[in-house]
Amino acid sequence: MTTGTASWLPLSAGERSVAIEVLVHGPLSRTDLSRRLNLSAGSLTRLTKPLIESGLLVEVPEGGVAAEARQGRPSQPLDVVAESRSFIGFKITADMVYGVVTTLRSEVVARHDRPLASHDPDEVVAVLGEMADELAGAHPGLAGIGIGVGGLVQDRAVVGESAFLGWRDVPLAALVEERTGLPVVVENDVAALVEAETWFGAGRGLDRFVVLTIGAGIGYGLVLAGKRVPCAEEDRDFGRHWILNPSGPLTPDGERGSAVSLLTIPNIRYQVQAATGRERTYEEILALAAAGEPMPARVVDEAARALGALVAQIANFVMPQKILLAGEGVGLMDVGGATVEATVRAHRHPLAAPVALETKVSDFHDWARGAAVLAIQVLVLGAATEG
């Protein structure tokens with residue numbers, strides 16, 4: 001496999017800022033670009049010329065259909081050819097690998113999933129390699145691979161610690177690069193999702209933005225001045241110690257009354273099973289709660305109040321323009337949304353502006369797309385979005 005990105009790299013800081021602005025917000029006229037980046041016309045011409053010559057940017061007519069770049073046509077907007085490169089994104093869970101192929105603008109054009117029979121690193125790399133081979137056959141011109149893993153990731157290359165995989169110090173990027181021949185970037189899965197939503201999703205164009213995920217665990221990502229704020233805690237399951245109700249339930253995972261014990265799918269299921277003696281899926285619990293079944297309704301109501309308190313705390317201290325709620329557990333909002341909203345209001349100043357809370361029904365392919373966006377940022381544009 002070959003990457004086809006060598007002609008684009010390395011980009012200077014100025015070239016990178018132009019390329020990212022067009023990628024995320026384009027097509028853009030040169031006048032718009034100059035205004036957005038505070039550049040003179042001469043500086044913009046100097047920065048865009050090599051990007052056009054390399055094929056990363058193209059001039060397009062007003063209708064937005066890509067045309068060959070021509071000299072002396074400064075009035076034409078600049079854009080990227082989204083289909084010019086493809087990227088693989090993988091999300092590794094305890095029992096599956098979810099894969100997607102995206103364009104340069106992160107549109108998902110294919111999905112491919114495989115079960116994991118083992119957590120042995122060599123076995124996982126073998127599965128990733130086989131999936132990459134199959135995807136490459138259908139999508140030539142792959143430029144790189146992004147991999148999202150729950151846990152601590154070092155230098156976008158080494159999985160320092162992943163509890164659910166039982167890994168320590170696994171050089172995943174190097175192993176997958178050796179197997180596939182493609183450049184690879186590895187990142188914490190929540191961090192990758194935050195980057196994707198910041199560039200291409202709910203947080204695009206916002207200065208202050210938060211992503212909160214609920215599912216198997218609790219994830220949190222903060223964006224300030226349009227950039228994700230990296231911190232060690234985002235990789236270490238901080239939700240185990242984020243206490244929302246000191247009198248809340250004691251569960252096998254998380255401190256009593258913590259975000260993890262109250263909001264995660266395994267612990268919600270545990271609470272219902274401990275009280276009723278019956279094992280239920282998360283979807284069954286939500287349906288029973290909606291139908292008024294007492295014990296599921298109590299557990300779901302307590303979870304909804306905990307989520308409202310958590311959202312209010314984030315809003316009070318971070319003052320974000322928007323909070324995105326995502327993850328496989330967001331079905332809680334369908335049943336307990338009114339309780340969440342009422343709790344948010346109760347924990348906010350009466351004159352505070354309403355919290356802009358957006359709920360995104362997502363699956364693991366969204367997490368895989370986030371990993372692909374990391375590949376776009378790092379492998380193609382050389383963006384310094386440190387994790």
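Each chain carries its own residue numbering, running from 1 in the written order of its sequence. Where local features are concerned, this predicted model is filtered to residues with pLDDT of at least 70; where side-chain atom pairs are given and counted, the filter is 80 or more; whole-chain, interface and lining totals use all residues. The basis for every side-chain value is the complete set of non-hydrogen atoms in the structure, without hydrogens or water.

With respect to the packing of helix H1 (residues 13-25) against helix H2 (residues 30-37)
The axes of two packed helices give the description: the angle between them and the distance between them. As a packed pair, H1 and H2 sit with axes 11 Å apart at the nearest point and diverge in direction by 115°. In this structure, H1 crosses over H2, and the sense of that crossing is right-handed. Across from Ser17, Val18, Glu21, Val22 and His25 in H1, the residues of H2 making contact are Leu33, Arg36 and Leu37. When grouped by side-chain class, the residues that make up the contact of H1 with H2 number four nonpolar, two polar and two charged. Angles run from 0 to 180 degrees between N-to-C directions of axes, and those axes are lines fitted to C-alpha atoms, restricted for helices to the stretch in contact. Numbered from the N terminus, helices here are DSSP runs of H or I no shorter than four residues, and strands are runs of E no shorter than two. Should the near helix be turned anticlockwise from the far one by less than a right angle, the crossing is left-handed, and should it be turned clockwise, the crossing is right-handed. Pairs of residues are marked as contacts when any of their non-hydrogen atoms sit within 4.5 Å. Charged means Asp, Glu, Lys or Arg here, nonpolar means Ala, Val, Leu, Ile, Met, Phe, Trp, Tyr, Cys or Pro, and polar covers whatever is left, Gly included.

Description of the sheet that holds strand S7 (residues 152-154)
Any two strands with at least two DSSP bridges between them are considered paired. Strand order in the open sheet formed by three strands is S7-S8-S9, with antiparallel pairing between adjacent strands. Of all strands in the sheet, those with a lone pairing partner are S7 and strand S9 (167-170), marking the two edges. Mean inter-strand twist for the sheet, computed between neighbouring axes without regard to direction, equals 15°. As paired elements, S7 and strand S8 (residues 158-162) share three bridges and run antiparallel to each other. When the sheet's bridge partners are listed, Val153 is paired in S8 with Val159.

Section: helix H3 (residues 41-54)
A helix's residues, less one, multiplied by 1.5 Å, set its expected span. Given a rise of 1.5 Å per residue, 14 residues ought to cover 20 Å, and the 20 Å separating the end C-alpha atoms of H3 matches this to within 8%. Fitting axes to the seven residues ending at a residue and to the seven starting there, one defines the bend at that residue as the angle between these axes. Remark: the principal bend of H3, roughly 30°, maps to Thr48, with a proline, Pro50, within the next four residues. Note on exposure labels: buried denotes an accessible area under 20% of the residue type's maximum, exposed denotes more than 50%, and partly exposed covers the range between, all computed with a 1.4 Å probe on protein chains only. Within the sequence span of H3, burial applies to Leu44, Leu47, Thr48, Leu51 and Ile52. Where the residues of H3 are buried, they touch H1, H2, strand S1 (58-59) and strand S2 (78-79). Looking one or two residues beyond H3, the residue adopting positive phi is Gly55, at roughly 95°.

Quick look at the side chain of Glu195
One can find Glu195 in helix H6 (residues 189-200). Residues adjacent in sequence count toward polar contacts only when both atoms are side-chain atoms; beyond that, a polar contact is any pair of N or O atoms within 3.5 Å, and within protein one must be able to donate a hydrogen and the other to accept it. A polar atom in the side chain of Glu195 sits 3.1 Å from the side chain of Arg228.

Topic: the pattern of salt bridges
Every case where a carboxyl oxygen of Asp or Glu lies within 4 Å of a side-chain nitrogen of Lys or Arg is listed as a salt bridge. One pass over the structure, following the stated rule, counts 19 salt bridges. Its salt-bridge partner being Asp32, residue Arg35 comes within 3.5 Å of it at the nearest N-O pair. Residue Arg35 and its partner Asp32 are located together in helix H2, separated by three residues, close to a single helical turn. We classify Arg35 as exposed; its relative accessible area is 59%. Between Arg228 and Glu187 there is a salt bridge whose closest N-O contact spans 3.9 Å. On the criterion of sequence distance, the pair formed by Arg228 in strand S13 (residues 227-228) and Glu187 in strand S10 (residues 184-188) is long-range, its members being 41 residues apart. Accessibility classification places Arg228 together with Glu187 in one group, the buried group.

Focus: the confidence of the model for the protein
As a per-residue measure, pLDDT tells how confident the predictor is, with possible values from 0 to 100. For the protein, the average pLDDT comes to 89, and 91% of its residues sit at 70 or higher. Below pLDDT 50 for its whole length, residues 1-6 participates in 17 contacts with residues either more than four positions away or in separate chains.

Some thoughts on the packing of aromatic side chains
Note on aromatic contacts: the rings of Phe and Tyr and the six-membered ring of Trp form a pair at centre separations within 6.5 Å, being stacked when their planes are under 30 degrees apart, edge-to-face when over 60 apart, and tilted otherwise. Per the counting criterion, the structure on display carries three aromatic pairs. Both rings, one in Trp199 and one in Phe200, keep their centres 5.9 Å apart while their planes meet at 70°; by these two values the pair is edge-to-face. Just as Trp199 is buried, Phe200 falls in that class too. Charge-over-ring placement is defined geometrically: NZ (Lys) or CZ (Arg) within 6 Å of the ring centre, and within 35 degrees of the ring normal. Directly above the ring of Trp367 sits Lys91, whose terminal nitrogen or CZ lies 5.2 Å from the centroid.

What to know about the environment of Val186
Checked against the element boundaries, Val186 lands in strand S10. Val186 gets classed as buried once you look at its relative accessible area, which sits at 0%. The sequence separation of Val186 and Ala174 amounts to 12 residues, and the corresponding C-alpha distance is 9.8 Å. Contact partners of Val186, with chain neighbours within four places excluded, come to Ile147, Val149, Val153, Arg156, Ala157, Val159, Leu172 and Ala173.

Details of unusual backbone geometry
The omega torsion across Gly26 and Pro27 is 5°, close enough to zero to call that bond cis. Relative to the helices and strands, Pro27 resides in the loop between H1 and H2. The phi angle at Asp155 is positive, at roughly 55°, despite the residue not being glycine. In this structure Asp155 comes out as exposed when scored by relative accessible area, which is 73%. A positive phi angle, close to 55°, is found at Met319, a residue other than glycine. Mapped onto the fold, Met319 is located in the loop between helix H10 (294-318) and strand S14 (322-326).

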